[in-house]
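Now for the letters of each chain:
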Amino acid sequence: MKKPCTLFVILLLPLLITTVSAQLRFNYYSATCPNVESIVRNAVTQKFRQTFVTAPGTLRLFFHDCLVRGCDASVILASSTNTAEKDHPDDVTLAGDGFDTVIKAKAAVDRDPNCRNKVSCADILALATRDVIALTGGPSYPVELGRLDGRISTKASVQRQLPHPEFSLDQLNSMFASHGLTQTDMIALSGAHTIGFSHCNKFSKRIYKFSKTRQIDPTLDPTYATQLRQMCPINVDPTIAINMDPTTPRTFDNVYYKNLQKGMGLFSSDQILFTDSRSKDIVNIFAANNTAFQQAFVTAITKLGRVGVKTGKQGEIRRDCTAVN
Ligand code: HEM
Ligand SMILES: *[C@@H]1O[C@H](CO)[C@@H](O)[C@H](O)[C@H]1NC(C)=O
């Protein structure tokens, strides 16, 4: 009696999942809002000129959105009781400028009478992410569209869904694999740490209290560790944030991987990609060849953009990105 059910799960479930992601397409808004790409790009460019944090803030927001309940802009929903996704400790450091980028781009889209209430916040976030990557010198790529916005956002749903900076390679791989992302995808996506900032508490253990016998993580370059201690003294102001790529902090390039080769990965989850022999070869390839990194990144972020996509009755086109309709 149990067999047909198991067969259904094994054979049909992957098919259903494929069908959902297959509903995404490049020209999804060609009839309803043909200029959506240029409208979003202009709004994002304007915001980027005001503040650089627009870029890392938007990119990280997309990642955190997709890993929790899928790419459905649930991370943008606000709660009057502070119980939304964004209120979880893993999300509280998401930069406000990332949220603001989506809200501004949505306002620009809705100023076009043809487009009003036709484009989802989830798609605007996916487009804005592509745009900030291009604005910081990274690759540009076509974005699959057709995601609907989710109606649920809870603090509880974030639990154990996002990677932590002290994760092992196995933990990183299994978390990404649960969303259909390979180790190579994970290594390429980690290259997002080529731009943006981190608060000192995210890595302070590596420079002060690594283990009972060592203060400093031996996989850290000693000179870099000294610099990190200067920027992040003990009892540092908790609002201080430092560049994650100390070499070219504002450029989306493969220097992140060159830094790993030198022991200059900020988190142990970064450095492990080079110290573990299972992932080292890919790091070396990306460090040597920016084109190879860019191609792998585009493949991986396109796959990330398919995670848990909502269509049909599962979602809606939100009028206000911070609230359900
Ligand atoms: C592989 C596992 C990952 C871990 C453990 C991780 C962890 C972190 C941590 C701890 C921070 C600093 C947060 C803070 O102190 O405010 C950060 C920042 C950031 N992460 Fe990740 N991350 C990972 C993967 C990713 C991926 C896949 C992306 C995007 C594709 C991404 C994009 C970013 C960006 C852009 C920032 C800078 C944010 C800003 O400046 O506002 N990260 N990450
Ligand atoms: C760099 O990577 C690209 C894309 O994978 C490849 O076509 C090219 O041959 C590589 N270049 C070198 C010098 O290896």
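Calculation rules
- Residues numbered from 1 in each chain as written.
- Chains lettered and ligands numbered in written order.
- Predicted model: local features only at pLDDT ≥ 70, side-chain atom pairs only at ≥ 80, totals over all residues.
- Heavy atoms only, no water.
- Salt bridge = Lys/Arg side-chain N within 4 Å of Asp/Glu carboxyl O.
- Helix = DSSP H or I, 4+ residues; strand = E, 2+ residues; numbered from the N terminus.
- Buried < 20%, exposed > 50% of the residue type's maximum accessible area, 1.4 Å probe, protein only.
- Axes fitted to C-alpha atoms, helices over the stretch in contact; angles between N-to-C directions.
- Parallel < 35°, antiparallel > 145°, perpendicular 65-115°, else oblique.
- Contact = heavy atoms within 4.5 Å.
- Nonpolar A, V, L, I, M, F, W, Y, C, P; charged D, E, K, R; others polar.
- UniProt positions renumbered as here; feature names shortened; annotations may be inferred.
- Near = heavy atom within 4 Å.
- Polar contact = N/O pair within 3.5 Å; in protein donor to acceptor, adjacent residues only side chain to side chain.
- Domains from an automatic or database assignment.
- Buried area = accessible area lost by both parts, 1.4 Å probe.

Engineer: Help me out: how do you make sense of the pattern of salt bridges in this one?
Structural biologist: Note on pairing: side chains with opposite charge can pair once their charged atoms come close. Tallied over the entire structure, the rule returns 14 salt bridges. The salt bridge partner of Lys 104 is Asp 100, with a shortest N-O separation of 2.8 Å. One end of the pair is Lys 104 and the other is Asp 100, both in helix H4 (residues 96-111) and four residues apart, which spans about a single turn. Taking relative accessible area as the criterion, Lys 104 reaches 38% and is therefore assigned partly exposed. Among the ionic pairs, Asp 170 bridges to Arg 278, the shortest N-O distance being 2.9 Å. In this pair, Asp 170 is assigned in helix H6 (residues 169-177) and Arg 278 in helix H12 (residues 277-288), connecting sequence segments 108 residues apart. Here the salt bridges share partners, and the residues they tie into one network are Lys 47, Asp 97, Asp 100 and Lys 104.

Engineer: Where do I start with the packing of helix H7 (residues 183-190) against helix H13 (residues 290-304) in this structure?
Structural biologist: The geometry of H7 relative to H13 is characterised by a closest axis approach of 8 Å and an angle of 105 degrees between their N-to-C directions. As summarised for this structure, H7 and H13 are arranged roughly perpendicular, according to the angle between their axes. Counted together, Asp 185, Ala 188 and Leu 189 of H7 and Phe 293, Ala 296, Phe 297, Thr 299, Ala 300, Ile 301, Lys 303 and Leu 304 of H13 form the full contact between these two elements. Of the residues in the contact of H7 with H13, the class split is eight nonpolar, one polar and two charged.

Engineer: Before we go on, may I ask you to explain the UniProt feature "site: Transition state stabilizer" (unreviewed entry) in the protein chain in this structure?
Structural biologist: This chain's UniProt record puts "site: Transition state stabilizer" (unreviewed entry) on Arg 60. Relative to the helices and strands, Arg 60 is located in helix H3 (residues 54-67). When sequence neighbours within four positions are dropped, the list of residues in contact with Arg 60 reads Asp 90, Thr 93 and Leu 94.

Engineer: Got a minute to help me understand the environment of Ala 31 in this structure?
Structural biologist: For Ala 31, the location among the structural elements is in the loop between helix H1 (3-22) and helix H2 (36-50). With 129 residues separating them along the chain, Ala 31 and Arg 160 place their C-alpha atoms 40 Å apart.

Engineer: What exactly am I supposed to notice about the site of ligand 1 here?
Structural biologist: The environment of ligand 1 is made up of 23 residues, and the closest members are Arg 60, Thr 93, His 193, Phe 197 and His 199. The contact in question runs from an oxygen atom of ligand 1 to an N or O atom on the side chain of Thr 93, over 3.3 Å. Between a nitrogen atom of ligand 1 and a side-chain N or O atom of His 193, the distance comes to 2.9 Å. Broken down by secondary-structure element, the contributors of at least two residues to the shell around ligand 1 are H3, H6, H7 and strand E1 (197-199). For the shell around ligand 1, the element with the highest residue contribution is H3, accounting for four residues.

Engineer: Where do I start with H7 in this structure?
Structural biologist: Every α-helical turn comprises 3.6 residues, leaving residues that sit three or four positions apart pointing alike. The buried count for H7 comes to six of eight residues, which makes it a mostly enclosed element. For H7, the full list of buried residues reads Asp 185, Met 186, Ile 187, Ala 188, Leu 189 and Ser 190. Summarising the contacts, the buried residues of H7 are in contact with H6, helix H10 (255-261), helix H11 (268-275), H12 and H13.

Engineer: Just checking my understanding: could you explain the domain arrangement of the protein chain for this structure?
Structural biologist: A common way to report how large an interface is uses the accessible area buried once the components associate. As far as domains go, the protein chain holds domain 1 (24-161 + 306-314) and domain 2 (169-303). Between the C-alpha centres of domain 1 and domain 2 the distance comes to 24 Å. Taken residue by residue, the interface counts 21 residues in domain 1 and 19 residues in domain 2. Carbon and sulfur atoms make up 75% of the surface buried where domain 1 meets domain 2, a total of about 1,800 Å² over both sides. There are zero salt bridges connecting domain 1 and domain 2. Viewed at the interface, domain 2 and domain 1 are joined by three residue pairs in polar contact (both at pLDDT 80 or more). For the side of domain 1 that touches domain 2, the element with the most residues is H3, which contributes six residues. Taken together, the residues of the side of domain 1 that touches domain 2 break down into twelve nonpolar, six polar and three charged.

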